[in-house]
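# Results of the structural survey
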Amino acid sequence: MIPARLAARALLAGALLLVPLSSARAAPLKTWGADPSKPDAPPDPEPAPPTTPSPTRKSEPEPRAESDESAPSAAVRKPGRVGLRYHLEHVEVRGNTTTLSRVVLALVPFTPGDTLDVDDKELELTRFRLLATGFFRDVQLSLRKGTVRGSVVLVISVVERNTVVVNDVWLGLSADADPSSGRARPLTAYGGLDVSETNLAGTGIALGGAFAIAERQLALRTRFSDPRFLRSSWTAEAQLLFNNAKDFFGNRDVLVDDPTQTVAQDYAVLAYQRFGGRVGAGHDVGSVATRVFFDYRLEKVDATPPLAASHKRGSDVEPIDFDIVRGSSVLSTVSATLVHDTRDEAFLPNRGWHVLALAEASLTPLGSDYPYGKLVVRGSRWMPLPWAHVLRVEGIFGSVFGDAPMFEKFYIGDYSDLRPHRALDLAFDRRAAPNFLNNAIAEVRYGDYAARVNVEYRVPLHRGRVTIYGVDFFASTGVYGVANGRDLTRPPRGYSGLSTVPVDLTFNLGIRADTAVGGFSLGIANFIGFVPIRSEGQ
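Not measured: the values here are computed from a predicted model. (Residues numbered from 1 in each chain as written. Predicted model: local features only at pLDDT ≥ 70, side-chain atom pairs only at ≥ 80, totals over all residues. Heavy atoms only, no water.)

### Description of the pattern of salt bridges
For the structure on display, the rule yields 33 salt bridges. A salt bridge links Arg274 to Glu299; the shortest N-O distance between them is 2.8 Å. With Arg274 in strand E14 (residues 268-284) and Glu299 in strand E15 (residues 290-304), the pair connects residues that are 25 residues apart, well separated along the chain. Given a relative accessible area of 1%, Arg274 falls into the buried group. Glu299 gets classed as buried once you look at its relative accessible area, which sits at 2%. We note a salt bridge from Glu408 to Lys374, for which the minimum N-O separation is 3.6 Å. On the criterion of sequence distance, the pair formed by Glu408 in the loop between strand E21 (390-402) and strand E22 (410-411) and Lys374 in strand E20 (residues 372-384) is long-range, its members being 34 residues apart. Among the residues examined, Lys374 registers a relative accessible area of 13% and is labelled buried. Shared partners join several salt bridges into a network, and the residues in it are Arg221, Arg274, Arg297, Glu299, Glu360, Lys374, Glu408 and Asp425. (Salt bridge = Lys/Arg side-chain N within 4 Å of Asp/Glu carboxyl O. Helix = DSSP H or I, 4+ residues; strand = E, 2+ residues; numbered from the N terminus. Buried < 20%, exposed > 50% of the residue type's maximum accessible area, 1.4 Å probe, protein only.)

### Brief notes about a nonpolar patch on the surface
A contiguous nonpolar surface patch, about 680 Å² in accessible area, is contributed by Val169, Leu171, Leu193, Phe211, Ile213, Leu220, Val517 and Phe520. Going through the elements one at a time, strand E8 (164-177) and strand E10 (206-214) are the ones with two or more residues in the nonpolar patch. Relative to the elements of secondary structure, Val169 occurs in strand E8. (Patch = residues over 30% accessible without salt bridge, like charges linked within 9 Å, V, L, I, M, F, W, Y side chains within 5 Å. Areas by Shrake-Rupley, 256 points an atom, 1.4 Å probe, with all protein chains shown as cover.)

### Quick word on the environment of Glu215
The topology assignment puts Glu215 in the loop between E10 and strand E11 (217-226). The sequence separation of Glu215 and Ala245 amounts to 30 residues, and the corresponding C-alpha distance is 9.5 Å.

### What to know about the nonpolar core
Formed by 43 residues in total, the largest nonpolar core has its most connected members in Ala212, Tyr272, Phe322 and Ile324. Mapped by element, the contributors of at least two residues to this core are E10, strand E12 (235-249), E14, E15, E20, E21, E22 and strand E25 (468-483). Discounting chain neighbours no more than four positions away, the residues touching Ile324 are Leu270, Tyr272, Val301, Ala303, Tyr370 and Phe407. Counting residues in hydrophobic clusters, the runner-up holds 25 residues, among them Leu84, Val91, Phe135 and Leu154. (Core = buried A, V, L, I, M, F, W, Y, C linked by side-chain atoms within 4.5 Å. Contact = heavy atoms within 4.5 Å.)

### Quick notes on the sheet that holds strand E16 (residues 308-313)
Strands sit in the order E13-E16-E17 across an open sheet of 3 strands; the sheet is antiparallel. In the strand order of this sheet, the two ends are held by strand E13 (255-257) and strand E17 (316-319), each with one partner. In this sheet, neighbouring strand axes are inclined to one another by 20 degrees on average, regardless of whether the strands run parallel or antiparallel. Relative to E17, E16 runs antiparallel, the two being bridged by 4 bridges. (Pairing = 2+ DSSP bridges. Axes fitted to C-alpha atoms, helices over the stretch in contact; angles between N-to-C directions.)

### Re the sheet that holds strand E6 (residues 136-145)
Taken together, the 5 strands give an open sheet; going across it, the order is E1-E6-E7-E4-E5, and neighbouring strands pair in mixed fashion. The strands lining the two open edges of the sheet, one partner per strand, are strand E1 (30-32) and strand E5 (115-117). Averaged over all adjacent pairs, the angle separating strand axes in this sheet is 40 degrees, with direction ignored. Summarising the sheet, strand E4 (residues 85-94) and E5 pair through 3 bridges and their orientation is antiparallel. Following the sheet pairing, Arg85 is matched in E5 by Asp117. Contacts between helix H4 (residues 121-132) and the sheet are confined to E1, E5, E6 and strand E7 (151-160), with E6 contributing the most and set at about 150 degrees to the helix.

### So, the side chain of Glu408
Residue class for Glu408 comes out buried when judged on its relative accessible area of 7%. Here Glu408 is in contact with Arg297, Glu360, Tyr372, Lys374 and Val400, once residues within four sequence places are set aside.

### Quick look at unusual backbone geometry
With phi around 55 degrees, Asp323 is a residue other than glycine that occupies positive phi space. Here Asp323 is to be found in the loop between E17 and strand E18 (327-341). Its relative accessible area of 23% is what places Asp323 among the partly exposed residues. Its identity is not glycine, yet Leu424 carries a phi of approximately 55 degrees, on the positive side. Along the chain, the position of Leu424 falls in the loop between E22 and strand E23 (446-447).

### Here we look at H4
Over its 12 residues, H4 runs 17 Å from end to end, which matches the ideal 16 Å to within 8%, given 1.5 Å per residue. Burial runs high along H4: 9 of the 12 residues are buried. In this structure Asp120 caps H4, since a side-chain oxygen of it lies 3.0 Å from the backbone nitrogen of Glu122. Of the residues one or two after H4, Gly134 is the one with positive phi, at around 85 degrees. (Expected span 1.5 Å × (residues − 1). Polar contact = N/O pair within 3.5 Å; in protein donor to acceptor, adjacent residues only side chain to side chain.)

### With respect to the pairing of E21
Relative to E21, E20 is paired through 13 bridges, and the arrangement is antiparallel. Its bridge partner being in E21, Pro384 is matched across the sheet by Val390. Sheet topology places E21 next to strand E24 (residues 449-463); 10 bridges connect them, and they run antiparallel. If you follow Val390 over to E24, its bridge partner there is Arg458.

### Quick word on the confidence of the model for the chain
With 80% of its residues at a pLDDT of 70 or more, the chain shows a mean pLDDT of 82. Overall, residues 530-538 carries pLDDT values under 50, and its contacts beyond four positions in sequence, including any with other chains, amount to 33 contacts. (pLDDT = per-residue confidence, 0-100.)

### Focus on the packing of aromatic side chains
Scanning the entire structure with this criterion turns up 9 aromatic pairs. The interplanar angle of 80 degrees and the centroid separation of 6.4 Å between the aromatic rings of Phe410 and Tyr415 together place this pair among those described as edge-to-face. You'll find Phe410 and Tyr415 in the same group, each marked buried. For the pair Tyr411 and Tyr446, a centre-to-centre distance of 5.3 Å together with 35 degrees between the ring planes defines the contact as tilted. With a gap of 35 residues between them, Tyr411 in strand E22 and Tyr446 in strand E23 connect regions that are remote in the sequence. Across the pair, exposure class does not vary: Tyr411 and Tyr446 are buried alike. Through a chain of ring-to-ring contacts, three or more aromatic side chains come together here, namely Phe249, Phe322, Tyr411 and Tyr446. (Phe/Tyr/Trp six-rings, centres within 6.5 Å; stacked < 30°, edge-to-face > 60°.)

What follows is the structure, encoded as structure tokens:
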């Protein structure tokens, strides 16, 4: 009988031990990135954190094993809140068939032996950071019970996506404006493509290239980025560029003294070439969501502006300043960029912030012929709304101080959705701003100051998991302004009151799609841009 009882007790004890182990393996204790339709409550009780034995408990009867496993976990108080802390036993990566595990782990700020707070925002931010790499279509973080009481295993489950992506596509027909009627007229076709391999052989190294082309214009770019340069915590980046470009100057009644401009035109053409490169390094700052980058840029510029040119600014005839050194010159700059990114998705985010602050200086001691400084601040916030709709609010402000070359200034087309943006610093369109408000914005092409506030509303149309991950309808509207210093201190004659302020409205609506080969936007703004909506300047 004794052996039988011992055997029964052994079987019962084994069953009691197997139940919690099997249930722990069946479901995680806590998950970040789970399906929102599933309940958030963990199916199993969380393990208690490690505790130090108290002398007062020695005389108390020890609780049963069942009570230990099901009792609420002890809390560790922190200023302003109560959280649960556990000993991190191991970090496990799952689902990565191409990306090396060390590449994933290098982006995770937690290592075995750390004390892990389940309320630490870094856990959710780590998921967002992994998604922002573009390596993965989905990322989930979960906690599972460790081998000893009070310890956990951090499991990172990823679903990889195609890493050869199309970053941008440019295709269209730029336009000129008929000075007599203000109607758009075709100027030149343009096109371009920007493609990257964002995860070369699973190492996290990115290689990319881009080109843009139009009549007598060509731009080329090559890029390299290593997020863990020489197995360190620093990111290394490099870029080479070449631009054979032209730009268009003059508002109305343009007179040009240029032997190369053999055809009579109502604008002056600036031809220039740029060749150079950029090297930089980046590092985390206090959080996985915040990074700082330092860059050095060196370029050789060859420009051939007209010998002389004038145009009508407001009611006065003035000489045209092309804002570039004639002949050969050197552009040398140093810059620092701070990026804070808490978006939950890279292309169709539902929530989070993206803030960028840039400070750049071009100084004579660095060999530059263009002494100037540049500041840009850009912030966007995405807010989830009922029915899975999303609201985005964006603000941009930029300022240039000193003698910057014209391609470093703020271009009107980069702030109005109704004009083609620059592609690789090439400006294709010659038209002024649409000028819905009938003010001095019609006199501005490039400015030393720029600002824009924009609001966008997004409605989901499709969600998939194979080739097309998401399709959203969007509608946006905003107000922007671009100006030089004298546009604010000495407005062009012929404008008075509020019409001297160079601001205008912008809007767009269309479709955004997140696919296996990148994100794409198709809006109606560029089509509307060919409708004669521009008010002729005074």
